[in-house]
Amino acid sequence: MFRKDSLADIDKRRKQWEEGTLKKSLERFGAKKSPNRFYTPLDVPAHDFLNDVGFPGQYPFTAAEAPVAMEESGFKKPKIYAGYGIPEDTRDYYKSMLATGRGESPHMAFDLPTQCGYDSDAPIAWGEVGKTGVAVNSLRDFEIIYEAYQGEHDLDKIYSSWVINAPANIILAMYVAIGEKRGILPSRLACVPQNDILKEYVSRGTYIFPPQPSMRLVRDTITYCTRNMPLASPVMISGAHIREAGSTAPQVLAFTFANGIAYAQLGIDAGLGIDDFAPNLTFLHLGGSMEMFQEIALQRAGRRMWAKIMRERFGAKDPESWVSRVFRGAIIGNSTTTAQRPLNNLTRTIVGGVASALSGGGGEVHPAYDEPLGLGYSLEGRQLMRDAERIIRYEAKLCDVIDPLAGSYYVEGLTDKIESEAWQILGRIDAMGGAVASIESGWMGREIARSAYEYQKKLETGEEVRVGVNQFLGPHELEVMPTRLVPHPYDPAKREDAERRQIANTAKLKRERDNSEVARTLRRLREAALDERVNILPPILEAVKAYATLGEMCDVMRQVFGEYTAFDRA
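Residues numbered from 1 in each chain as written. Predicted model: local features only at pLDDT ≥ 70, side-chain atom pairs only at ≥ 80, totals over all residues. Heavy atoms only, no water.

1. Focus: the overall build of the chain
So, step 1. A count of helices and strands for the chain gives 22 helices and 6 strands.
So, step 2. Expressed as lengths along the three principal axes of its C-alpha atoms, the size of the chain is roughly 90 × 60 × 45 Å.
So, step 3. Per-residue burial for the chain yields a buried fraction of 54% across its 570 residues.
So, step 4. Long-range pairs, those at least 24 residues apart, make up 77% of the contacts in the chain with a sequence separation of at least 6.
So, step 5. If you sum the accessible surface of the chain, you get close to 24600 Å²; carbon and sulfur atoms cover 54% of it.
So, step 6. Across the chain, the centroid of the 70 positively charged side chains sits 2 Å from that of the 76 negatively charged ones. (Helix = DSSP H or I, 4+ residues; strand = E, 2+ residues; numbered from the N terminus. Buried < 20%, exposed > 50% of the residue type's maximum accessible area, 1.4 Å probe, protein only. Contact = heavy atoms within 4.5 Å. Areas by Shrake-Rupley, 256 points an atom, 1.4 Å probe, with all protein chains shown as cover. Lys, Arg positive; Asp, Glu negative; His and termini not counted. Charge placed at Lys NZ, Arg CZ, Asp CG, Glu CD.)

Shown next, in the form of structure tokens:
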């Protein structure tokens, strides 16, 4: 904190500077207003290092989640979002990545039918099978994919992440079933189904059931994992999709944490103590923009805000409960990349990597430069992405100091501003009755749409500059294109033929399984779905082991819970 007499003196000197040095400079250049701002202690008059920043890995976690960079602490995070075609295709992809030293724990992408609870042979799925990710209809499909992960890469030695939400419990049950077949107890499985269903209603759109029964399913994941799978994260709360849908920096904090509050309350209402499960809640990144200092401040404000929510709102006592555990730190956001002059995206993502390094992260560079050119990153794109991270860490040494901008008048002021605005929005959501109520009324979705519209207007008018898209388009500008050195890791022929092959595989499964046992387990699943008090995961696991399909299980739950459409919003 600064002394009052010192602040008064700075204020006096600032006014003299504005009327003297600054005014003369503006007059010289014929400008009425300075295009730049200069920050002083007047912008953070009440700043208190211990209360507002603290030390890395300690409350309020403004500086960093941990006292050392996560990449250096030995924790192997899933990395590349990948998956395509049928299970055999994705298995072979993972095998090739492991064989060439590019293998990492899987961060699995599913096709849209799987995400929306349909089997590949459903008419509504035709044309989408294996396109945006891998098609998974049954336990047999998951068994095939995880043939790539055995021995030194077996399930108890990796951290699996699946971008799956509405059918998350089914995918989790498949993983448990594979583990049991290999003699690996559920308690030894480290994994996370994304399972953040609330953001689906306002951003991604892969919901199935209405919000209330969907929240019951999340509750069941939280209680099951807390009691049986201590290494699993039951929910990865995803600000990224909310930000990519168009929300502002303060909005993404407020909306993401409102959803997180709703999930935390589920666990408490189910009889768990907050410290029983909060340490296992994780976050996907918060999306991003090209405004580097804003993204640095956003990460700092987010860590501080979640810590306050856990400690002050929920009364968590365990410091592990106060940590927000973000999968990736500051990045530029996928929607910031452009198909025009795609190599410029490497520059953009390096700016994001610098923001990550300067905001307590590990200097992660993401996504690859060819993000907007099609699904799945090229090996050239991955190489450049990894090398950029290495340069940031080892040549520029930007990760040698944690939170180096702590104490900056500008960054501290911006951190406070973003946090303050986010608290105001969160207060409005609380007044409505919480995240679920704000989603059911349509308010949260409308707010995101409004922000997206305002941003798009700025892009179209050129107020928001995008190099090579809406500015710098002269006839002598060059469209520099990358050179492909090796084949793309996704085989286009296999992707094109995925639907035919997967439909045939699903038909074969349905002929050869014990269909009377499938019928019995589906009846049991229906009984459990009808009883709000019952945890639905055990009957799902039973049906999974009988090789009931994902679509069949989702159909049973559709009959009980109903289906949600965008028109259901008020």
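Still more ground to cover, so stick around.
2. Description of the side chain of T223
So, step 1. One can find T223 in helix α8 (residues 211-228).
So, step 2. Leaving out residues up to four positions away in the same chain, T223 has contacts with A270, L272 and N535.

3. Some remarks on the packing of helix α6 (residues 168-181) against α8
So, step 1. Two numbers describe how α6 lies on α8: the axes approach to 11 Å, and their chain directions differ by 25°. In terms of axis orientation, α6 runs roughly parallel to α8. Facing α6, whose interface residues are N169, L172 and V176, α8 presents L217, T221, Y224 and C225.
So, step 2. When its residues are assigned to classes, the contact of α6 with α8 shows 5 nonpolar, 2 polar and no charged. (Axes fitted to C-alpha atoms, helices over the stretch in contact; angles between N-to-C directions. Parallel < 35°, antiparallel > 145°, perpendicular 65-115°, else oblique. Nonpolar A, V, L, I, M, F, W, Y, C, P; charged D, E, K, R; others polar.)

4. Description of the environment of P67
So, step 1. Mapped onto the elements, P67 comes out in the loop between α2 (49-53) and β1 (81-82).
So, step 2. Placed 335 residues apart in sequence, P67 and I402 show a C-alpha to C-alpha distance of 8.3 Å.
So, step 3. Setting aside residues up to four positions removed in sequence, P67 forms contacts with P56, G57 and I402.

5. Some points on helix α12 (residues 292-313)
So, step 1. Here α12 spans 31 Å end to end across 22 residues, near enough to the 32 Å set by a 1.5 Å rise per residue.
So, step 2. For α12, a buried count of 16 out of 22 residues is recorded, marking the element as mostly surrounded by other parts of the structure.
So, step 3. G315 sits one or two positions beyond α12 and adopts a positive phi of about 70°. (Expected span 1.5 Å × (residues − 1).)

6. What about the nonpolar core?
So, step 1. Formed by 130 residues in total, the largest nonpolar core has its most connected members in F142, Y146, W162, L198, Y263 and M310.
So, step 2. For this core, the element with the highest residue contribution is helix α10 (residues 249-269), accounting for 12 residues.
So, step 3. Look past the residues within four positions of Y146 in its chain and what remains in contact with it is P106, M108, L155, I158, S160, W162, Y175, I178 and R182.
So, step 4. Judged by nonpolar contacts, the second largest core, of 7 residues, contains Y159, A190, A240 and L284. (Core = buried A, V, L, I, M, F, W, Y, C linked by side-chain atoms within 4.5 Å.)

7. Focus: helix α14 (residues 379-395)
Because the α-helix completes a turn every 3.6 residues, residues three or four places apart line up on one side.
So, step 1. Taking 1.5 Å per residue as the helical rise, α14 with its 17 residues ought to reach 24 Å, and the 23 Å between its terminal C-alpha atoms agrees with that figure.
So, step 2. Burial in α14 covers these residues: L379, E380, G381, R382, M385, R386, A388, E389, I392 and R393.
So, step 3. The secondary structure elements touched by the buried residues of α14 are α3 (87-99) and α13 (344-358).
So, step 4. One or two residues past the end of α14 sits K397, with phi positive at roughly 60°.

8. Details of the pattern of salt bridges
So, step 1. A complete count under the given rule lists 46 salt bridges for this structure.
So, step 2. Close ionic contact of R91 with E147 constitutes a salt bridge, the shortest N to O distance being 2.9 Å. Of the two residues, R91 is situated in helix α3 and E147 in the loop between α5 (139-145) and β3 (160-162); the sequence distance between them amounts to 56 residues.
So, step 3. Taking relative accessible area as the criterion, R91 reaches 16% and is therefore assigned buried.
So, step 4. Look at E147 and you get partly exposed, because its relative accessible area is 26%.
So, step 5. R243 serves as the salt-bridge partner of E295, at 2.7 Å between the closest nitrogen and oxygen. Highlighted residues: E295 in helix α12 and R243 in helix α9 (residues 239-244), separated in sequence by 52 residues.
So, step 6. A relative accessible area of 1% places E295 in the buried class.
So, step 7. Connected through salt bridges with shared partners, the residues D89, D497, R500 and R501 form a single ionic network. (Salt bridge = Lys/Arg side-chain N within 4 Å of Asp/Glu carboxyl O.)

9. Focus on the sheet that holds strand β4 (residues 191-193)
So, step 1. Read from one edge of the open sheet, 4 strands run β1-β2-β3-β4, paired in parallel fashion. Two strands close off the open sheet at either side, each with one partner strand: β1 and β4. (Pairing = 2+ DSSP bridges.)

10. Brief notes about the packing of aromatic side chains
So, step 1. This model, assessed by the stated rule, comprises 22 aromatic pairs.
So, step 2. Between F293 and Y410 the ring centres are 5.4 Å apart and the planes differ by 70°, which places this aromatic pair in the edge-to-face class. Of the two residues, F293 is situated in helix α12 and Y410 in helix α15 (residues 409-432); the sequence distance between them amounts to 117 residues.
So, step 3. For F293, a relative accessible area of 35% gives the class partly exposed.
So, step 4. A residue is classified by how much of its surface remains accessible, and Y410, at 28% relative accessible area, is partly exposed.
So, step 5. Through a chain of ring-to-ring contacts, three or more aromatic side chains come together here, namely Y84, Y93, Y94, F142, Y146, Y149, W162, Y175 and Y490. (Phe/Tyr/Trp six-rings, centres within 6.5 Å; stacked < 30°, edge-to-face > 60°.)

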